[in-house]
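For reference, the chains in residue letters:
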Amino acid sequence: MWDDAFPSFLIGLREGLEAGLIVSILIATLVRAEARSRLPQVWTGVLAAIAVAMSFGAVLTFTAASLSATAQEAFGGTLGVIAVAFVTAMVFWMRRSARSLSGELREKVTGALAMGSGMLVLTSFLAVGREGLETALFLWTTARAAGESAGPLTGAAIGLVLAAGLCWGLYRRVLKINLTRFFTVTGAVLIVIAAGVLGYGLRDLQEGGVLPGGTAYAVDLTGSVDAGSWYSTLVQGVFNLTPAMTWLQVVAYVAYLAVVMTLFVRGVRATTPKPAAERSAPEPKAVRPQRRRPVWVIPAAVVAVPAVLAGLVVALSRPKPAGDQTVAVSETECGKGFTAPRPGRQTFQMHNTGGKTSEVYLIDPSTSAVYGEIEGLAPGTTRDLVAIVAGGTYAWRCVPTGGKAVTSKAVRVSGGGAAKPVVPVSAQDLTAPLKAYRTYVEQGLATLVAQTRTLDDDIEGGHLDRARTDWLTAHRTYASLGAAYGTFEDFDQKIDGRPDGLPNGVQDKDFTGFLRLEHGLWHGEPAKNLRAPAQQLADAAAGLQKAFPTQEFDPGDLPLRAHEILENTLQFELTGDTDQGSGTGLATADANLAGTRELLTVLQPLLTSRAPRLLPTVDVDVARLQKLLDAAHDGTHWTPVDRLAATDRQRLDGATGQLLEDLAPVPDLLEIRKSA
């Protein structure tokens, strides 16, 4: 966790020491002026600054949580860039002000003592508040970059506690620290960290659609660098440098580091200490203590006011409660009670007042593009539908089971923003991809039949070494037809069924097909024991080839399989769960990837028109995974999963997981939606 904690530790230590020095100087000035009775006013200002900083952090956290995923990326990226600007300004300000800070503050305290308690509270609040706001913003940014809050918060807490201890030691004069050197060294380190935060923020802006170039990678080391290793995690956590970075990230990182570090180093060399006489300030005169209010009034107010204001901001930024707009659904009318909503994230309460279960869609009536949907809204029930609303025209479409579609009157929404509707897909749209894929499967089955016959002949003739080679060839052919396995009916169990759940496991008479032969071929069974299973496999493959042209293939299965094939690969092949002794799980994974690639090829026209950025990203993922699989075999020999180096296995799992994440939108993008 230290890799995520270090940047926050450094900012906590540095900002805590800055704020602590300010508080120490304020207190020392009052003590020397014999105005100890005014110390609560200093602590009140400090308490107010802490309350504002914490409230600011809460606003950032809860406001971001109420946004859509894309908006969160844009919001986080924008604040990341702002955080870099604040940290940069803070580094340069402290470099210039470290020597004269004490004298300037004494002058301000002297003036505040003469003007009353309010000014003293304000002086301490302003002196500490800036550090508090900077700390809150930088912590929020680093926590978001780390993907978790425990490490950054722990690091910041340790830094603040250490800073408090140092300030106490300096105040009591039991410690001596060269503050100029301290702020110079930490400033240089923070500049390096801020360069990484800037790169991360720009990447968020690219993923949020604010900046272009999200798929233009200048560096992509994911195939050769283990993202889960300790050194990779350390570099990513401390410097926000990732194995894959876009050109914009790299250029911004290098430019920021070169320019800012050069200016910082030049400023350090040019700065010379001022004579002690110039830094000294006149001693403030003792001020007669004023009559005090109850000690709890002002502290309670300064904590309550920021908290209340933060609560109001969070409440106003969150979407309306579900009950704000109830929309009726029935067989005869759709959208009753629907009025033009405000732009932004909205929640509609959909209530089925009819007697039939309905599909409900929020659409653009001119294109039928879908902004939100509910499937299977039963009679008499109410469910929430959440959608992002921007400027445009909206209507409801209700499709009752067995009935005709009903579309509501359209409403016009004014305002900016951007909402991304999904262009609906019909069964007709999937006809051409399905036809192309069926042709691919039919050709694959013809090849499979020939290969299983060859395998049967090998075993019949007792050529078990040859049978092992031909087994792998045939099994890879079958695995590459993965999108059709839901259509193969009971043939799939006969051809590639696992022993899981069978009473006698691998010895059960119903254990047949490829995995049965694998177990026998790699566990020393004689050919005579394998002849019957080999014949059964060849017969099952021939039976499937004959039956497939008449089997129903749901067109809606194509988009689902684009994700499910590799999901099964991650669950079974990459864990070794299906291995019966051959150690060729990665060969099967390679065939599964080939089947996924074929699916994406036939679905390409539909995906390109609906999500033009998706396939380029997926292509990068596929190439990365293919490279890792290629590295795991030499000719016909494949490295067994359980013999992979830990780093190689982590890379394979990570690359497959990333590809699955990027393929996740495909089923939703190409889901067949009812229109009548």
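Residues numbered from 1 in each chain as written. Predicted model: local features only at pLDDT ≥ 70, side-chain atom pairs only at ≥ 80, totals over all residues. Heavy atoms only, no water.

Turning our eyes to something else, we now look at the overall build of the chain. The secondary structure content of the chain amounts to 21 helices and 13 strands. Sorting the 676 residues of the chain into buried and exposed places 47% on the buried side. In the chain, 76% of the contacts between residues at least 6 apart in sequence involve partners at least 24 apart. As displayed, the chain has an accessible area near 31,700 Å², and 58% of this comes from carbon and sulfur atoms. (Helix = DSSP H or I, 4+ residues; strand = E, 2+ residues; numbered from the N terminus. Buried < 20%, exposed > 50% of the residue type's maximum accessible area, 1.4 Å probe, protein only. Contact = heavy atoms within 4.5 Å. Areas by Shrake-Rupley, 256 points an atom, 1.4 Å probe, with all protein chains shown as cover.)

In this section: the packing of aromatic side chains. All told, the structure shown has 12 aromatic pairs when counted by the stated rule. Ring geometry for Trp471 versus Phe514: centroids 6.3 Å apart, planes at 75 degrees, classification edge-to-face. Here Phe514 lies in helix H15 (residues 514–521) and Trp471 lies in helix H13 (residues 464–479), a separation of 43 residues in the sequence. Taken as a pair, Trp471 and Phe514 share a single burial class, namely buried. The interplanar angle of 40 degrees and the centroid separation of 6.0 Å between the aromatic rings of Tyr478 and Phe488 together place this pair among those described as tilted. One end of the pair, Tyr478, is in helix H13; the other, Phe488, is in the loop between H13 and helix H14 (491–496), and 10 residues separate them in sequence. (Phe/Tyr/Trp six-rings, centres within 6.5 Å; stacked < 30°, edge-to-face > 60°.)

A few words now on the packing of helix H12 (residues 431–460) against H13. Interaxial distance between H12 and H13 falls to 9 Å at its minimum, and their mutual angle equals 160 degrees. Here H13 runs roughly antiparallel to H12, going by the angle between their axes. Like other packed secondary-structure pairs, H12 and H13 cross with a definite hand, here left-handed. Two secondary-structure elements touch here, H12 through Gly444, Thr447, Leu448, Gln451, Thr452, Thr454, Leu455, Asp458 and Ile459 and H13 through Arg466, Ala467, Asp470, Trp471, Thr473, Ala474, Thr477 and Tyr478. Split by residue class, the contact of H12 with H13 holds seven nonpolar, seven polar and three charged. (Axes fitted to C-alpha atoms, helices over the stretch in contact; angles between N-to-C directions. Parallel < 35°, antiparallel > 145°, perpendicular 65-115°, else oblique. Left-handed = near helix turned anticlockwise from the far one by under 90°. Nonpolar A, V, L, I, M, F, W, Y, C, P; charged D, E, K, R; others polar.)

A word on the sheet that holds strand S5 (residues 344–352). The pairing of strands in a sheet comes from backbone hydrogen bonds and takes either a parallel or an antiparallel form. Pairing is mixed in the open sheet, where four strands are placed in the order S4-S3-S5-S8. Strand pairing shows two members of the sheet lacking a second neighbour, strand S4 (334–336) and strand S8 (382–389), which therefore form its edges. Strand-to-strand twist of the sheet, defined as the mean angle between neighbouring strand axes without regard to direction, takes the value 35 degrees. (Pairing = 2+ DSSP bridges.)

Two faces belong to every sheet, and in a regular strand the side chains alternate between them. Relative to S5, strand S3 (residues 326–329) runs parallel, the two sharing four bridges. Among the inter-strand pairings, Val329 is bridged to a residue of S5, identified as Asn352. Pairing between S5 and S8: eight bridges, direction antiparallel. Looking at the pairing, Met350 lines up with Arg383 of S8.

Glancing now at unusual backbone geometry. The phi dihedral of Ser368 is positive, around 65 degrees, even though this residue is not glycine. Structurally, Ser368 can be placed in the loop between strand S6 (358–364) and strand S7 (369–377).

The subject of this paragraph is the state of the cysteines. The final tally for this structure, using the stated rule, is one disulfide. Between the sulfur atoms of Cys334 and its disulfide mate Cys398 the distance is 1.8 Å. Across the S-S bond linking Cys334 and Cys398, the dihedral sits near 65 degrees, which makes this disulfide right-handed. Of this pair, Cys334 sits in strand S4 while Cys398 sits in strand S9 (residues 392–400); the two residues are 64 residues apart in sequence, bridging distant segments of the chain. Of the two residues examined, Cys334 and Cys398, each falls in the buried class. (Disulfide = S-S within 2.5 Å.)

Quick look at the nonpolar core now. Formed by 71 residues in total, the largest nonpolar core has its most connected members in Phe488 and Leu586. With 10 residues, the single largest contributor to this core is helix H18 (residues 585–610). Dropping the residues within four chain positions of it, Phe488 is found in contact with Val441, Tyr478, Leu481, Leu544, Phe548 and Gln551. Judged by nonpolar contacts, the second largest core, of 29 residues, contains Leu10, Phe138, Ile191 and Leu205. (Core = buried A, V, L, I, M, F, W, Y, C linked by side-chain atoms within 4.5 Å.)

Before going further, it helps to spend a moment on a negative patch on the surface. Among the surface-exposed residues, Glu489, Asp490, Glu552 and Asp554 lie close enough to one another that they form a single negatively charged patch. Here Asp490 shows up in the loop between H13 and H14. Exposure remark for Asp490: the relative accessible area of 45% places this residue in the partly exposed category. (Patch = residues over 30% accessible without salt bridge, like charges linked within 9 Å, V, L, I, M, F, W, Y side chains within 5 Å. Salt bridge = Lys/Arg side-chain N within 4 Å of Asp/Glu carboxyl O. Lys, Arg positive; Asp, Glu negative; His and termini not counted. Charge placed at Lys NZ, Arg CZ, Asp CG, Glu CD.)

Taking 1.5 Å per residue as the helical rise, helix H16 (residues 527–547) with its 21 residues ought to reach 30 Å, and the 30 Å between its terminal C-alpha atoms agrees with that figure. Those residues of H16 that fall on the buried side of the exposure criterion are Ala527, Leu530, Pro533, Ala534, Leu537, Ala538, Ala540, Ala541, Leu544 and Ala547. (Expected span 1.5 Å × (residues − 1).)

Here we take up the confidence of the model for the chain. Averaged over every residue, the pLDDT of the chain is 80; residues scoring 70 or more account for 79%. Mean pLDDT across the secondary structure elements of the chain bottoms out at helix H10 (residues 276–279), with 40, and peaks at H13, with 96. The model gives residues 272–291 a pLDDT under 50, and that stretch makes 24 contacts with residues more than four places away or in other chains. Counting contacts from residues 319–323, a segment whose pLDDT is below 50, to residues more than four positions away or on other chains yields 12 contacts. (pLDDT = per-residue confidence, 0-100.)

The topology assignment puts Gly155 in helix H6 (residues 150–171). In this view, Gly155 contacts Ala5, Ser8 and Phe9; residues no more than four positions away in its chain are not counted.

Moving on, we get to the environment of Gln626. Its place among the elements puts Gln626 in helix H19 (residues 614–630). By relative accessible area, Gln626 is classed as buried at 17%. Distance in space between the C-alpha atoms of Gln626 and Ala655 is 9.4 Å, their sequence separation being 29 residues. Beyond its immediate sequence surroundings of up to four residues, Gln626 is in contact with Asp590, Leu593 and Arg597.

This brings us to H19. Taking 1.5 Å per residue as the helical rise, H19 with its 17 residues ought to reach 24 Å, and the 24 Å between its terminal C-alpha atoms agrees with that figure. Restricting attention to buried positions, one finds in H19 the residues Leu614, Leu615, Val618, Asp621, Val622, Arg624, Leu625, Gln626, Leu628 and Leu629. Buried residues belonging to H19 abut strand S1 (217–220), H18, strand S12 (633–634), strand S13 (637–638), helix H20 (646–663) and helix H21 (665–669).

We now examine the side chain of Gln249. By secondary structure assignment, the location of Gln249 is in helix H9 (residues 247–270). At a separation of 3.1 Å, a polar atom in the side chain of Gln249 contacts the main-chain carbonyl oxygen of Gly199. One polar contact links the side chain of Gln249 to the main-chain amide nitrogen of Thr246, over a distance of 3.0 Å. Setting aside residues up to four positions removed in sequence, Gln249 forms contacts with Gly199, Tyr200, Arg203 and Ala244. (Polar contact = N/O pair within 3.5 Å; in protein donor to acceptor, adjacent residues only side chain to side chain.)

One pass over the structure, following the stated rule, counts 10 salt bridges. When the shortest N-O distance is used, the salt bridge between Asp458 and Arg466 registers 4.0 Å. For Arg466, a relative accessible area of 47% puts it in the partly exposed group. The shortest N-O distance in the salt bridge between Asp590 and Arg476 comes to 3.1 Å. Note that Asp590 is positioned in helix H18 and Arg476 in helix H13, a separation of 114 residues in sequence. Its relative accessible area of 10% is what places Asp590 among the buried residues. Beyond isolated ion pairs, a larger network of salt bridges with shared partners links Asp557, Arg561 and Glu564.

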